[in-house]
Amino acid sequence: IATFGGLARFDGVRFKVFTTANTPQLKNNRIITLATDHDQNLWIGTERGEVLVYRDGVFRMIDDGKKYEYKIANDIFVDDKGIVWVSGWNGGRICHLQTGCSPVEFSAKIVLKVRQDSAGQHWGIADYQLQQLTDGKFVPDESFKKRVVNIEPNSNGGLWVVSVGELGTYHNGKY
């Protein structure tokens, strides 16, 4: 469980909390987001933009957030190819166990989320705009004019889209 007091793990009987006091790899107790990859590694994002992975009982810092001045790692998503997408308050990035993280180009600074639809297309929310990955960068979908606050893939194709005051599906340019 991601908390502002560390990372909590429940074994069915009791909680164990990992904090900066008992886990040297954690540099910040304010955990914002968690995700697991295809190998069951736990990816961890913090309020200061750090990205860690918990693998085989060991925490490892993948990105300290300082190189690209990431402020908050507010969402982590693992796509069908195992690529880890990190959204943040100074842009987005992709991360790997071996190579660390590198930036992904968005047309905006505040990246709330990245998801992949059932057709394999990557979508993002940046500055509350629905954006689509095209030629290696995310660009606003000009046909969608609403302020977007959340997206999730729809098993029937396209996306579930939460905009201000609305919930609907978006598929092939139609809402």
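Residues numbered from 1 in each chain as written. Predicted model: local features only at pLDDT ≥ 70, side-chain atom pairs only at ≥ 80, totals over all residues. Heavy atoms only, no water.

Colleague: Lay out the sheet that holds strand E8 (residues 73-78) in plain terms, naming residues and giving numbers.
Modeller: If you walk across this open sheet you meet the 4 strands as E8-E9-E10-E11, and the pairing is antiparallel. On the outer flanks of this sheet lie E8 and strand E11 (100-104), each paired with one strand and no other. In this sheet, neighbouring strand axes are inclined to one another by 25 degrees on average, regardless of whether the strands run parallel or antiparallel. Taken together, the 5 bridges between E8 and strand E9 (residues 84-88) define a ladder with antiparallel strand orientation. The residue bridging Val78 from the neighbouring strand is Val84, located in E9. (Pairing = 2+ DSSP bridges. Helix = DSSP H or I, 4+ residues; strand = E, 2+ residues; numbered from the N terminus. Axes fitted to C-alpha atoms, helices over the stretch in contact; angles between N-to-C directions.)

Colleague: Requested: an account of the state of the cysteines, with residues and values cited.
Modeller: Under the counting rule described, the total for this entry stands at 1 disulfide. Between the sulfur of Cys95 and that of Cys101 lies a disulfide, 2.0 Å long from S to S. The sign of the 110 degrees torsion about the S-S bond sets the Cys95-Cys101 disulfide as right-handed. Cys101 carries the same exposure label as Cys95, and that label is buried. (Disulfide = S-S within 2.5 Å. Buried < 20%, exposed > 50% of the residue type's maximum accessible area, 1.4 Å probe, protein only.)

Colleague: Give me the pattern of salt bridges: which residues, what numbers.
Modeller: Inspection of the entire model under this criterion finds 9 salt bridges. A salt bridge links Arg48 to Glu50, with the nearest nitrogen and oxygen atoms 3.3 Å apart. Owing to a relative accessible area of 4%, Glu50 belongs among the buried residues under this scheme. The salt bridge involving Arg115 is made with Asp75; its shortest N-O contact spans 2.8 Å. Of this pair, Arg115 sits in strand E12 (residues 111-116) while Asp75 is found in strand E8, placing the two residues 40 residues apart along the sequence. The class for Arg115 is buried, based on a relative accessible area of 9%. Assessed through its relative accessible area of 10%, Asp75 is described here as buried. Through salt bridges with shared partners, a single network forms among Asp75, Lys113, Arg115 and Glu152. (Salt bridge = Lys/Arg side-chain N within 4 Å of Asp/Glu carboxyl O.)

Colleague: An account of the nonpolar core is requested, with residue identities and associated values reported.
Modeller: Looking at soluble globular proteins, one finds that nonpolar side chains tend to be buried together. Membership of the largest hydrophobic core comes to 13 residues, with the highest contact counts inside it found for Trp43, Val51, Ile62, Ile76, Val84, Val86 and Cys95. For this core, the secondary-structure elements that each account for two or more residues are strand E6 (51-55), E8 and E9. When residues in this core are grouped by element, the largest group, 3 residues, is from E8. (Core = buried A, V, L, I, M, F, W, Y, C linked by side-chain atoms within 4.5 Å.)

Colleague: Give me the lowdown on the side chain of Arg115, citing residues and values where you can.
Modeller: At 2.8 Å, the side chain of Arg115 and the side chain of Asp75 are in polar contact. At a separation of 3.3 Å, a polar atom in the side chain of Arg115 contacts the side chain of Glu152. Once residues within four sequence positions are removed from consideration, Arg115 is found in contact with Asp75, Ile76, Phe77, Gln121, His122, Trp123, Ile151, Glu152 and Pro153. (Polar contact = N/O pair within 3.5 Å; in protein donor to acceptor, adjacent residues only side chain to side chain. Contact = heavy atoms within 4.5 Å.)

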